[in-house]
Amino acid sequence: MFISDTIKYIGVNDHEVDLFEGQYIVPNGMSYNSYAILDDKVAIMDTVDARFTHEWLDNIQNTLNGRQPDYLIIQHMEPDHSANIMNFVKAYPKATLVSSAKAFNMMKNFFGTDFADNRMVVGEGDTLCLGKHTLTFVTAPMVHWPEVIVTYDSLDKVLFSADGFGKFGALDVEEDWACEARRYYIGIVGKYGAQVQALLKKAATLDIQTICPLHGPVLTENLGYYIGKYDTWSSYTPEDEGIVIAYTSVYGNTKKAVLKLADQLRAKGCPKVVVNDLARCDMAEAVEDAFRYSKLVLATTTYNAEIFPFMRQFIDHLTERNFSNRTVAFIENGSWAPMATKVMKGMLEKSKNLTYTENTVKIHSALNEDSSKQLEALSDELCREYLAQQDETANKSDMTALFKIGYGLYVVTCNDGKKDNGLIVNTVSQVTDTPNRIAVTINKANYSHHVIKQTGKMNVNCLTVEAPFKVFEAFGFKSGRNVDKFADCTPLRSDNGLVFLPRYINAFMSLKVEQYVDLDTHGMFICSVTEARTLSDAETMTYAYYHANVKPKPQTEGKKGYVCKICGYVYEGEELPEDFICPLCKHGAQDFEPIA
């Protein structure tokens, strides 16, 4: 495995392990990664599992070709990475151990010594020069142990990421990265999303061209994809649209209801339906699915006035990993006193931002006419937006979509004849109701203004409070003239051929421009409504909600200058030039305010 001329892979593959950390099935084994940096000084990055001592020491010896290592850098103290510290010291007694203070405390627990005579304690921002390579250490507490550090090499622009960006599977097996990396992340790191987010912010300041994790492949291409996945997972944002049904069934009646619901969901346009029998499936896979998709149905029996043990175990796995930001529905079964829904809701109380469906299915022993109607109603509710997204099932004259208009935030989409475009606006209003007329005001400096003036049509997407900041980054801080904002997705289209967003909206309207009003710096488009769809009852995001809950707080502590009120960009300086344009959101000096 080539990393660079002076950074060599010296790790090992493990095909003997059946359960990683005693619980995760790893059919394709594991890799325990270690690296050697060859410079004026030689640094070894981490050790490997105890079962591979001699193979690892052989790899060091063969790679160094007679040289002696000067440093062993220990980023993480889990035994699959630290077990051979003592064996390394015995083989290379003159080498210095480099790690965090907490790690040396742990070494005393593991080995009976904290190596006080040959150690270097490092913390946030400390550096180690090897010659041409300068290593900078970044603390990463609780990603996923408290002692963790990651290391950045400024010469080859390599991030040694400890357990971050790792995955299950040995390196000599070809398999999809995302599936096993997702299961690895959610199972092992998932509880610590806030800490991962903090580390990602630090990493964003570095020029990273290669990521070297302690498990899984070295990442060298399309790093934005991997970092984007970690951003999604650690912010507890649904990765894909779909519905997971997790169930237990004693005599098969709950299973029959689940399979019937799954068929109804597919028939009503749900893009992905995943069904997991919690008594038989890999529990880690079921947990992964719950975090991957946007909606979850929990179906189980009342059992000893509680719930079936596998369902309790499943919900415990979810809550201890901060399961949040999802829609959850319930199916309960009980012959004389159904209690399952009450118990499950109680267990989920510690989870944040869960939306429960209005419809709950209550089965008394087996499906009957009443519970079958409840099942149908639940499938309708879960699939409301999917039905509205499909041409054949959508109500395209649902003027209740107009009720979603407020002093909110919207994505206006258009098309210049070559590619789709979209931008954030906050000036949409209904001006008449007979006929329905909508006014949309757009800054003339925006490319979308130019396109809509030429084409005479647009879609207005009403954003909900669930929309994350990345939506505003995508549509508010970049110009569609230079960037294809829909390059990485398969868009949905309305009858006018324009895009509407598949997520984070509660309604959209297709508009035809009937009149244009020149407002100097802006243009107002007076439009008729050619199509209107309501997708959900989720709350529309207001401008105030965005500033209070979505927009990141600007990092102004210790700085003097001005901060952009739109995106939080900080300009450091005594005077802000009158013609200054924010490099992020492209707003002018009038949208900056002095740092208090």
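Since this is a predicted model, take the numbers as computed values, not measurements.

(A) Here's a closer look at the overall build of the protein chain. Of regular secondary structure, the protein chain possesses 16 helices and 34 strands. The globule rule puts the C-alpha radius of gyration for 596 residues at 25 Å, and the 28 Å found for the protein chain is close to it. The C-alpha extent of the protein chain, read off along each of the three principal axes, is 85 × 75 × 40 Å. A buried classification covers 53% of the 596 residues belonging to the protein chain. For the protein chain, the proportion of contacts with a sequence separation of at least 24, taken over those separated by at least 6, is 68%. By element, 49% of the accessible surface of the protein chain is carried by carbon and sulfur atoms, the whole surface being about 26,500 Å².

(B) Just the environment of Ile526, in detail. With respect to the element layout, Ile526 can be found in strand 31 (residues 522-534). Taking C-alpha positions, Ile526 is 55 Å from Gly125, a pair spaced 401 residues apart along the chain. Beyond its immediate chain neighbours, meaning those up to four positions away, Ile526 contacts Arg437, Ile438, Ala439, Lys512, Val513, Glu514, Gln515 and Val517.

(C) Looking closely at unusual backbone geometry. The amide bond that connects Val143 to the next residue, His144, takes the cis arrangement and shows omega of 5°. Counting through the fold element by element, His144 comes out in the loop between strand 12 (134-139) and strand 13 (149-153). With an omega of 0°, the peptide bond running from Thr434 to Pro435 counts as cis. Checked against the element boundaries, Pro435 lands in the loop between strand 25 (428-433) and strand 26 (436-443). A positive phi angle is found at Met142, which is not glycine, with a value near 65°. Considering the arrangement of structural elements, one finds Met142 in the loop between strand 12 and strand 13.

(D) Spatial organisation of the side chain of Lys229. Mapped onto the elements of the fold, Lys229 is located in helix 7 (residues 223-234). Excluding anything up to four places from it in sequence, Lys229 contacts Trp177 and Glu239.

(E) Here's a closer look at the sheet that holds strand 14 (residues 158-160). Strands sit in the order 11-12-13-14-15 across an open sheet of 5 strands; the sheet is mixed. With partners counted over all chains shown, the strands left at the sheet margins are strand 11 (127-129) and strand 15 (210-212), one partner each. The mean inter-strand angle of the sheet, taken between neighbouring strand axes irrespective of direction, is 20°.

(F) Representation of the state of the cysteines in the model. Considering all chains together, one arrives at 0 disulfides under this definition. Looking at the unpaired Cys270, the closest cysteine sulfur is the one in Cys383, lying at 5.4 Å. Judged by relative accessible area, which is 8%, Cys270 ranks as buried.

(G) Fine view of the environment of Lys560. One can find Lys560 in the loop between helix 16 (543-550) and strand 32 (561-564). Owing to a relative accessible area of 66%, Lys560 belongs among the exposed residues under this scheme. Here the alpha-carbon distance between Lys560 and Phe323, two residues 237 residues apart in the chain, equals 39 Å. Not counting the four nearest positions on each side in its chain, Lys560 is found in contact with Tyr571, Glu572, Gly573 and Ile595.

(H) Representation of the sheet that holds strand 9 (residues 96-99) in the model. Strand order across the open sheet formed by 6 strands is 1-6-7-8-9-10, with mixed pairing between neighbours. Looking at which strands have only one partner, the edges of the open sheet turn out to be strand 1 (7-9) and strand 10 (119-121). Recorded for the sheet is a direction-independent mean angle of 20° between the axes of neighbouring strands. Alignment of strand 6 (residues 35-38) against strand 7 (residues 42-45), held across 4 bridges, turns out to be antiparallel. In the sheet register, Ala36 faces strand 7, and the bridge partner there is Ile44. Across the sheet, helix 4 (residues 101-111) is in contact with strand 9 and strand 10; its angle to strand 9 comes to roughly 120°.

(I) Up close: the packing of helix 5 (residues 177-189) against helix 7. In contact at an axis separation of 11 Å, helix 5 and helix 7 are set at 35° when each is read in the N-to-C sense. In this structure, the crossing between helix 5 and helix 7 has a hand that is right-handed. Every residue of helix 7 that contacts helix 5 at Trp177, Ala178, Ala181, Arg182 and Tyr185 is listed here: Tyr225, Tyr226, Lys229, Tyr230, Trp233 and Ser234. When the residues that make up the contact of helix 5 with helix 7 are grouped by side-chain class, the tally is 8 nonpolar, 1 polar and 2 charged.

The rules behind each value
- Residues numbered from 1 in each chain as written.
- Predicted model: local features only at pLDDT ≥ 70, side-chain atom pairs only at ≥ 80, totals over all residues.
- Heavy atoms only, no water.
- Helix = DSSP H or I, 4+ residues; strand = E, 2+ residues; numbered from the N terminus.
- Rg over C-alpha atoms; globule rule 2.2 N^0.38 Å.
- Buried < 20%, exposed > 50% of the residue type's maximum accessible area, 1.4 Å probe, protein only.
- Contact = heavy atoms within 4.5 Å.
- Areas by Shrake-Rupley, 256 points an atom, 1.4 Å probe, with all protein chains shown as cover.
- Pairing = 2+ DSSP bridges.
- Axes fitted to C-alpha atoms, helices over the stretch in contact; angles between N-to-C directions.
- Disulfide = S-S within 2.5 Å.
- Left-handed = near helix turned anticlockwise from the far one by under 90°.
- Nonpolar A, V, L, I, M, F, W, Y, C, P; charged D, E, K, R; others polar.

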